Amino acid sequence: MPQDLNFTASEAVLKRRSLQSSLITFGSQPIKLLMGIGATSILARLLTPTDFGIVAMALPWFALMESVNSLGLGTATVQREHLDHRQASTIFWLSSGINLALVVAVLLAAPAFAWFYQEARLTAVIPVMTLGIASVFLSSQHQSLLARQMRFGVLTLIEVGALGLGATVAIGVALLGWGYWALVLQLVIYQTAQGLGYWLTCSWRPSRPEKLTQLSQDIRTMFAYGANLSGFHLVNRVGIEMDRVLVGYVNGASALGLYSVAYNWAYFPFNQVYLPLINVAISGLSRAASDREQYKSQSRQILMLMFGLCLPALAFLGVCGQGLLLLLLGDQWMEAFPIFQVLVLSVFVGGFYRVTKWIYLSTGQTQRQLRWSVLHTPVVVAAAALGTQWGPLGVAWGVTLASLALTYPAIAYCLKFTPLTIADFVESVWRPTVASLAAAGILLVGQRAMGLPVNGMLALLFSAIAFGCAYAVTFILLPGGWTEVLGAYRDLQMLASKHVDISP
């Protein structure tokens, strides 16, 4: 008998499940954080900037390919209110055909990528990396179904296991002197292990494919939703990845290695919060989209969690990031530190409009999302291209200034036809923003007044404690801050309550 693919619930159950999903997701973050930092620190000392640069040359093209994964049908699977087995099977076979064409196209284009960068080693690297992305594609429907049913504990367990396996293999291969192949295998094994995990834990299996002429109106509607979403992802991904493509093309593998490491570490705290929350946010908000007040309540809860965690981390990096990276990566990466500091500012500001993705998807406005990306991306690409005149640091400044200019228009355009207003959005984010900037200022003044060093483990630990205390006190003292803290405490109490059944 076909498996029930839907998860429906009352407002109380939905809110509790969203809270539980968030806690499960973030409960695993310290483990993933330690694994990620540990593996990166070790690999940064075993490998060279050129090794990182070679892999970074290939990654943007795979990111572009992944942006049109299944033409957005996976997200449509999560977002749709009702889904039956026949629809899920049709989506699987449509996705498989689309993804097979993408994989073949990238394999055939490998020599062209090598010619573009004047880097012959990409001819072998790209086909191997294709194995990993193929695993992601093959299991995307199963991942979407797990997310649809809000089984985020299972998804988190799979991700942690895959991350650990990939890191272990990469370090072992690097110790053997395999250079950039350690980074290639880390990614391929991580993606392959994830794909296998999704297949094994999701009991759903597709039925026989149907003819395209027999597609139902529901599938056609989902396809239109997904096509607009994929168009947005593709155009938006060009804007996100083009800075690294330009650095690699103009300055070569070594400079790109420095830039990519600076970029990854600047985005590190943001991604630790944003990426785990994507499925939680889209799934939870999509279920609440039919009720205006419920949608506003869910949005406020998720935005507060998002920015209350990532903004203070970014502000701390803005003050102490160079000392932290010197401790973690070593002296050979010192040229990346100025780039890193500029990109932290870009992430701090750009994070405000990155979350508009959740709002577009949960309200089904992928067409407007695509329109905005067509306006947004040329500005970012032009700014990055202009910055190439001043090397990788100039590219970083170009991207940052573009983020500063586009943030407010992006948010205003997104919210125009949603239950949220600009006032709702500002109300959710202003306290963590002000508290983060204030804590960074207090820490900076304190370091200079007391003559504390910015490097060394003890100095960084002391700075982190001081920053955390300053952030917490400032947040509570801001108007409405204590009320927000009490609200978060009540949400946790509700989560611990046994009066609501959360079984799917």
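The rules behind each value
- Here the residue index of a chain counts from 1 through its sequence in written order.
- With pLDDT at 70 or above as the cut-off, local features in this predicted model cover only qualifying residues; side-chain atom pairs require 80 or more to be listed or tallied, and sums for whole chains, interfaces and linings still use all residues.
- With hydrogens and water set aside, each side-chain value is computed from the structure's full complement of heavy atoms.
- Numbering goes from the N terminus for both helices and strands, where a helix is a DSSP run of H or I of at least four residues and a strand is a run of E of at least two.
- Think of it in three bands: residues with accessible area under 20% of the maximum for their type are buried, residues over 50% are exposed, and the middle band is partly exposed, with areas taken using a 1.4 Å probe on protein chains only.
- Should any heavy atoms of two residues lie within 4.5 Å, those residues are counted as being in contact.
- Two rings belonging to Phe, Tyr or Trp (six-membered ring only in the last case) form a pair when the distance between their centres is within 6.5 Å. Interplanar angles under 30 degrees mark stacking, angles over 60 mark edge-to-face geometry, and anything in between is tilted.
- What pLDDT reports is the predictor's confidence in each residue, on a scale of 0 through 100.
- Using only the protein atoms, space was sampled on a 1 Å grid; points where a 1.4 Å probe fits but cannot get out form cavities, open sets with protein on both sides within 12 Å along at least five of seven lines form pockets, and lining residues are those with an atom within 4 Å of a point.
- Grid points are joined across faces, edges and corners, and a volume is the space filled by probe spheres set on the points.
- Amino acids are sorted into nonpolar (Ala, Val, Leu, Ile, Met, Phe, Trp, Tyr, Cys and Pro), charged (Asp, Glu, Lys and Arg) and polar (every other residue, Gly among them).
- Each salt bridge in this description consists of a side-chain nitrogen of Lys or Arg and a carboxyl oxygen of Asp or Glu lying within 4 Å of one another.

Before going further, it helps to examine the environment of Arg-237. Among the secondary structure elements, Arg-237 is positioned in helix H10 (residues 217-251). We classify Arg-237 as partly exposed; its relative accessible area is 28%. When the C-alpha atoms of Arg-237 and Ser-67 are compared, they prove to be 6.9 Å apart, with 170 residues separating the residues in sequence. Not counting residues within four places of it along the chain, the set of residues in contact with Arg-237 comprises Ala-63, Leu-64, Ser-67 and Phe-232.

Another point: the packing of aromatic side chains. For the coordinates displayed, the defined rule picks out 16 aromatic pairs. With a centroid separation of 5.1 Å and an interplanar angle of 25 degrees, the aromatic rings of Phe-307 and Phe-352 are classed as stacked. In this pair, Phe-307 is assigned in helix H12 (residues 292-329) and Phe-352 in helix H13 (residues 337-354), connecting sequence segments 45 residues apart. Across this residue pair, the class does not change: Phe-307 and Phe-352 are buried.

Quick look at the confidence of the model for the protein chain now. Per-residue pLDDT for the protein chain has a mean of 81; in total, 81% of the residues score no lower than 70. Summarising per-element confidence for the protein chain, the mean pLDDT is lowest in helix H1 (residues 11-27) (53) and highest in helix H16 (residues 391-415) (93). Predicted confidence is poor over residues 6-11, with pLDDT under 50, and the contacts of this stretch with residues over four places away or in other chains come to 13 contacts. Residue range residues 498-504 is modelled with pLDDT below 50. Its contacts to residues more than four positions away, or to other chains, number 11 contacts.

Going through the model one piece at a time under the given rule, you end up with four cavities of 30 Å³ or more. The space that makes up the second largest cavity amounts to roughly 40 Å³. Forming the boundary of the second largest cavity are Leu-285, Ser-299, Ile-302, Leu-303, Val-355, Trp-358, Ile-359 and Leu-420. Residue assignment for the lining of the second largest cavity shows that the elements contributing at least two residues are H12 and helix H14 (356-362). Broken down by element, the residue count for the lining of the second largest cavity peaks at three residues, all from H12. Split into classes, the residues belonging to the lining of the second largest cavity amount to seven nonpolar, one polar and no charged.

Moving on, we get to the pattern of salt bridges. Scanning the model with the defined rule gives nine salt bridges in all. Put simply, Arg-244 and Asp-243 hold a salt bridge, and the shortest N to O gap is 3.6 Å. Taking the relative accessible area as the measure of exposure, Arg-244 reaches 10% and is therefore buried. A salt bridge links Glu-484 to Arg-300, with the shortest nitrogen-to-oxygen separation between them at 1.9 Å. Of this pair, Glu-484 sits in helix H19 (residues 481-496) while Arg-300 is found in helix H12, placing the two residues 184 residues apart along the sequence. Accessibility expressed as a relative area gives 15% for Glu-484, which makes it buried. Exposure remark for Arg-300: the relative accessible area of 28% places this residue in the partly exposed category. Several salt bridges share partner residues, and in doing so they unite Arg-237, Glu-241, Asp-243 and Arg-244 into one network.

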